[in-house]
Amino acid sequence: MRVVLVGPPGCGKGTQAELLVQRLGLRYIGTGDILREAIRAGTAMGQRVKPLMDRGLLVPDSEVNEVVAELFRGEGRPEKFVTDGYPRTYSQAVAFDAMLTQQFLALDAVINLTIGDDEVVRRISGRRCCSNKGCAVCYNVYYRQSKVAARCDKCGSPLMLRDDDQEETVRRRLGEFHKTTNALLAYYRQRHLLREVAATDPVETIYTNIVNAIKQPA
Ligand code: AMP
């Protein structure tokens, strides 16, 4: 199964991607995580993208396309995967398709997780992520609390509000999201790959709806 998850920040893409990984054995491709790791490691690319990410802006298509293409080079390429946060623009979608075609791989579905902006802002203000960059699991004070307050269940590190989860940054990210997503969705709709799933249902309902949507014939 090869799936793209599309949706604004805070729509639950990360949670659903994690479930798809655990239950269906898909490889997780999260460009946000890869970029944050590059910043932490201080690579040249990390230094180039940091000022943009800190301001909630998208990094250039060429940077993310290269990051993803690199994953598919060599023997350990992902065969079955779920992407979280990629492609984010029309041009990334075209580049991703070209790269997959070269690899003789095809997408099964693109899931658009739908939710209103104000609900997104409320959710994100409650988000707390593990400060251990190697772990980076996210919780939420409203609906996905850690067992011990402010500590990660997985590794015990302190939880924190990410810089790019501040309200002002979230509003800017939502603006960017709407500006770029319409063309992306139109592209996948035209290719009969697009499926809409409401992101406001309980987590398990969303998961079931996603799996059913993936199986739905074009
Ligand atoms: P995320 O963790 O997916 O919310 O991404 C966090 C930040 O990483 C975004 O606000 C962008 O600055 C950057 N980013 C992640 N994925 C992409 C992408 N596909 N295209 C451009 N920028 C991205």
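Conventions adopted
Residues numbered from 1 in each chain as written. Predicted model: local features only at pLDDT ≥ 70, side-chain atom pairs only at ≥ 80, totals over all residues. Heavy atoms only, no water. Pairing = 2+ DSSP bridges. Helix = DSSP H or I, 4+ residues; strand = E, 2+ residues; numbered from the N terminus. Disulfide = S-S within 2.5 Å. Buried < 20%, exposed > 50% of the residue type's maximum accessible area, 1.4 Å probe, protein only. Arc of directions from axis to C-beta. Contact = heavy atoms within 4.5 Å. Near = heavy atom within 4 Å. Polar contact = N/O pair within 3.5 Å; in protein donor to acceptor, adjacent residues only side chain to side chain. Areas by Shrake-Rupley, 256 points an atom, 1.4 Å probe, with all protein chains shown as cover. Nonpolar A, V, L, I, M, F, W, Y, C, P; charged D, E, K, R; others polar. Domains from an automatic or database assignment. Buried area = accessible area lost by both parts, 1.4 Å probe. Salt bridge = Lys/Arg side-chain N within 4 Å of Asp/Glu carboxyl O. Expected span 1.5 Å × (residues − 1).

Peer 1: Mind showing me how you'd approach the sheet that holds strand S6 (residues 138-140) here?
Peer 2: Pairing between the strands of a sheet comes from backbone hydrogen bonds, and it takes one of two forms, parallel or antiparallel. The sheet built from 3 strands is open, its strands ordered S6-S5-S7 with antiparallel pairing. Either end of the sheet is taken by a strand with one partner, and the two such strands are S6 and strand S7 (159-160).

Peer 1: Explanation requested: the state of the cysteines in the structure shown.
Peer 2: Working definition: the covalent bond between the sulfur atoms of two cysteines is a disulfide. A full pass over the atoms with the stated rule returns 1 disulfide. Between the sulfur of Cys 129 and that of Cys 138 lies a disulfide, 2.1 Å long from S to S. Across the S-S bond of Cys 129 and Cys 138 the torsion is about 100°, and the bridge reads as right-handed. Relative accessible area serves as the criterion here: at 3%, Cys 129 is assigned to the buried category. Not engaged in a disulfide, the cysteine Cys 135 finds its nearest cysteine sulfur in Cys 152; these two sulfurs lie 3.7 Å apart.

Peer 1: Which parts of the structure should I look at to understand helix H2 (residues 31-41)?
Peer 2: Every α-helix carries 3.6 residues per turn, so stepping three or four residues along brings you back to the same face. Those residues of H2 that sit buried are Thr 31, Leu 35 and Ala 38. Taken around the axis of H2, the buried residues stretch over an arc of 55°, which confines them to a single face. For H2, the elements touching its buried residues are strand S2 (27-30), helix H3 (44-54), helix H4 (61-72) and strand S3 (81-84). In the stretch just after H2, Gly 42 is the one whose phi turns positive, near 70°.

Peer 1: I keep staring at the site of the ligand and nothing clicks. Help me out?
Peer 2: Lining the immediate surroundings of the ligand are 16 residues, of which Thr 31, Leu 57, Gly 85, Gln 92 and Arg 173 lie closest. Separating an oxygen atom of the ligand from a side-chain N or O atom of Arg 36 is a distance of 3.0 Å. In the environment of the ligand, a nitrogen atom lies 3.1 Å from a nitrogen or oxygen atom belonging to the backbone of Val 59. Its free accessible area being 480 Å², the ligand has 95% of it covered by the protein chains. The leading source of residues in the shell around the ligand is H2, at 4 residues. The residue inventory of the shell around the ligand, partitioned by class, reads 7 nonpolar, 4 polar and 5 charged.

Peer 1: Help me out: how do you make sense of the pairing of strand S5 (residues 127-130) in this one?
Peer 2: On a regular strand, one side chain projects to one face of the sheet and the next to the other, so that they alternate. Pairing of S5 with S6 involves 3 bridges; the strand directions are antiparallel. For Arg 127, the partnering residue across the bridge sits in S6 and is Asn 140.

Peer 1: So what exactly am I meant to see when it comes to the domain arrangement of the chain here?
Peer 2: When cut into domains, the chain gives domain 1 (2-122 + 166-215) and domain 2 (127-160). Here domain 1 and domain 2 have C-alpha centroids that lie 22 Å from each other. Listed as interface residues are 7 residues of domain 1 and, on the opposing side, 4 residues of domain 2. Where domain 1 abuts domain 2, roughly 570 Å² becomes buried across the two surfaces, and 47% of that area is made up of carbon and sulfur atoms. In terms of surface lost to domain 2, no three residues of domain 1 exceed Glu 18, Arg 40 and Arg 122, which account for 52% of the buried area on that side. Across the pair Arg 144 and Glu 18 runs a salt bridge whose closest N-O atoms are separated by 3.5 Å. In this assembly, domain 1 and domain 2 are joined by 1 residue pair in polar contact (both at pLDDT 80 or more). Elements represented by at least two residues in the side of domain 1 that touches domain 2 include exactly helix H1 (13-24) and H2.

Peer 1: Can you help me understand H4 in this one?
Peer 2: The end-to-end C-alpha distance of H4, which contains 12 residues, comes to 17 Å, matching closely the 16 Å that a straight helix rising 1.5 Å per residue would cover. Restricting attention to buried positions, one finds in H4 the residues Glu 63, Val 64, Asn 65, Val 67, Val 68, Ala 69 and Phe 72. Buried positions along H4 lie against S2, H2, H3, S3 and helix H5 (90-102). Downstream of H4 by a residue or two, Gly 74 has a phi angle that is positive, lying close to 85°.

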